[in-house]
Amino acid sequence: MAKLKAAVLLSGSGTNLQALIDASARPGYGAEIVTVIANRPDAYGLVRAQNAGLPTDVVRHREFAERASFEAALHEALTARGAELVCLAGFMRVLTAWFVERWMNRLINIHPSLLPVFKGLEVHERVIAAGVRFTGCTVHYVRTDVDAGPIIVQGAVPVHGDDTPQTLQARVLEAEHRCYPLAVDLIAKQRVRVVGDLVQIDGAPPPTGHLINPDPDRATS
Ligand code: GAR
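Below or above, wherever it landed, is the structure these notes cover. All figures in this text were calculated on a predicted structure; none of them were measured in a lab.

Conventions used here
- Residues numbered from 1 in each chain as written.
- Predicted model: local features only at pLDDT ≥ 70, side-chain atom pairs only at ≥ 80, totals over all residues.
- Heavy atoms only, no water.
- Helix = DSSP H or I, 4+ residues; strand = E, 2+ residues; numbered from the N terminus.
- Rg over C-alpha atoms; globule rule 2.2 N^0.38 Å.
- Buried < 20%, exposed > 50% of the residue type's maximum accessible area, 1.4 Å probe, protein only.
- Contact = heavy atoms within 4.5 Å.
- Salt bridge = Lys/Arg side-chain N within 4 Å of Asp/Glu carboxyl O.
- Near = heavy atom within 4 Å.
- Polar contact = N/O pair within 3.5 Å; in protein donor to acceptor, adjacent residues only side chain to side chain.
- Areas by Shrake-Rupley, 256 points an atom, 1.4 Å probe, with all protein chains shown as cover.
- Nonpolar A, V, L, I, M, F, W, Y, C, P; charged D, E, K, R; others polar.
- Axes fitted to C-alpha atoms, helices over the stretch in contact; angles between N-to-C directions.
- Parallel < 35°, antiparallel > 145°, perpendicular 65-115°, else oblique.
- Left-handed = near helix turned anticlockwise from the far one by under 90°.
- Pairing = 2+ DSSP bridges.

1. A closer look at the overall build of the protein
On a plain count of helices and strands, the protein comes out with six helices and nine strands. Its C-alpha atoms give the protein a radius of gyration of 18 Å, near enough to 17 Å, the size a compact globule of 221 residues would have. For the protein, the spread of C-alpha atoms along the principal axes amounts to about 60 × 40 × 35 Å. Counting every position in the protein, which comprises 221 residues, the buried fraction comes to 42%. For the protein, the share of sequence-separated contacts (at least 6 apart) that also reach a separation of at least 24 residues comes to 62%.

Here's what the structure looks like:
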């Protein structure tokens, strides 16, 4: 089967891009990265792409007077590279309905919480303040509502009593780096179907068992 041509859009460090680069080097992986697009020229993800020998494009949002022309330029760059799937990986621009509709069900995002809770920014700070015992990450199809859309893969991690936003972010990122490559591979292998607002995945059983936080086997009585 031909590899799915994926584009990665980012604004920053690009550790999720790195996970996708590493995964696409594995035999049997379903997708290849055809371009990495940043909206800022200093995004470190561009260096990761260049180190991996991948094409890059910079579409600077500041050079455009309005969102529509910025998104038209993004769309053009994606089309020119032959992208079939667009993966947002720390891309910190909200996309309008025009763009989302053009890439409907071919545009995915990773968010550092177990959606639909903790949408938006400063997620880890709010997770700690809420006192929840688990958080995680979500890979989902993009819709015009921010941080909403059919969920493809989620990864859960425990919150520790002494977590800072930084320690929690590091733990969630580890889960992100497994979830994003998995979601892209499942899509590439045509095992993901969008049915209404939900995703069905063919032949992908859930994990067995459950997690409890605190760990009942190690809690003192
Ligand atoms: C990731 O944690 C991703 O979930 C988050 O930005 C980070 C990018 O890290 N995305 C959002 O918050 C989108 N709303 P990376 O550049 O190292 O991949």
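Let's pick the thread back up.
2. Brief notes about the pattern of salt bridges
Summed over the entire model, instances satisfying the criterion amount to eight salt bridges. A salt bridge links R193 to D202; the shortest N-O distance between them is 2.8 Å. Its relative accessible area of 39% is what places R193 among the partly exposed residues. A salt bridge links D215 to R218; its shortest N-O distance comes to 3.2 Å.

3. Looking at the site of the ligand
Looking at the ligand, the residues that line it are S13, G14, T15, N16, G90, M92, I110, H111, P112, L173 and E176. G14 is positioned with one of its backbone polar atoms (N or O) 2.7 Å from an oxygen atom of the ligand. Within the backbone of N16, one N or O atom sits 2.9 Å away from an oxygen atom of the ligand. Contact with the protein chains removes 85% of the 450 Å² of surface that the ligand exposes when unbound. When residues of the shell around the ligand are traced back to their parent elements, those giving at least two are α1 (15–24), β5 (107–111) and α6 (165–188). Broken down by class, the residue content of the shell around the ligand amounts to four nonpolar, six polar and one charged.

4. Regarding the packing of α1 against α6
Remark: α1 packs on α6, axes separated minimally by 9 Å, with the N-to-C direction vectors making an angle of 50 degrees. Taken together, α1 and α6 sit at an angle that is classed as oblique. The handedness of the crossing between α1 and α6 comes out as right-handed. Contacts between α1 and α6 pair T15, N16, A19, L20 and A23 from the former with L173, E176, H177, Y180, P181 and V184 from the latter. Taken together, the residues of the contact of α1 with α6 break down into seven nonpolar, three polar and one charged.

5. Concerning the pairing of strand β8 (residues 192–195)
Of the pairings in the sheet, the one linking β8 to strand β9 (residues 198–201) comprises four bridges and is antiparallel in character. The residue of β9 that forms the bridge with V195 is L198. Two successive antiparallel strands, β8 and β9, enclose a turn made up of two residues, where G196 displays a positive phi of approximately 65 degrees.

6. So, the packing of helix α5 (residues 123–130) against α6
In contact at an axis separation of 9 Å, α5 and α6 are set at 110 degrees when each is read in the N-to-C sense. As judged from the angle between their axes, α5 and α6 are roughly perpendicular. Across the interface between the two elements, H124, E125, V127 and I128 from α5 touch P165, L168, Q169 and V172 from α6. The class makeup of the residues in the contact of α5 with α6 is five nonpolar, two polar and one charged.

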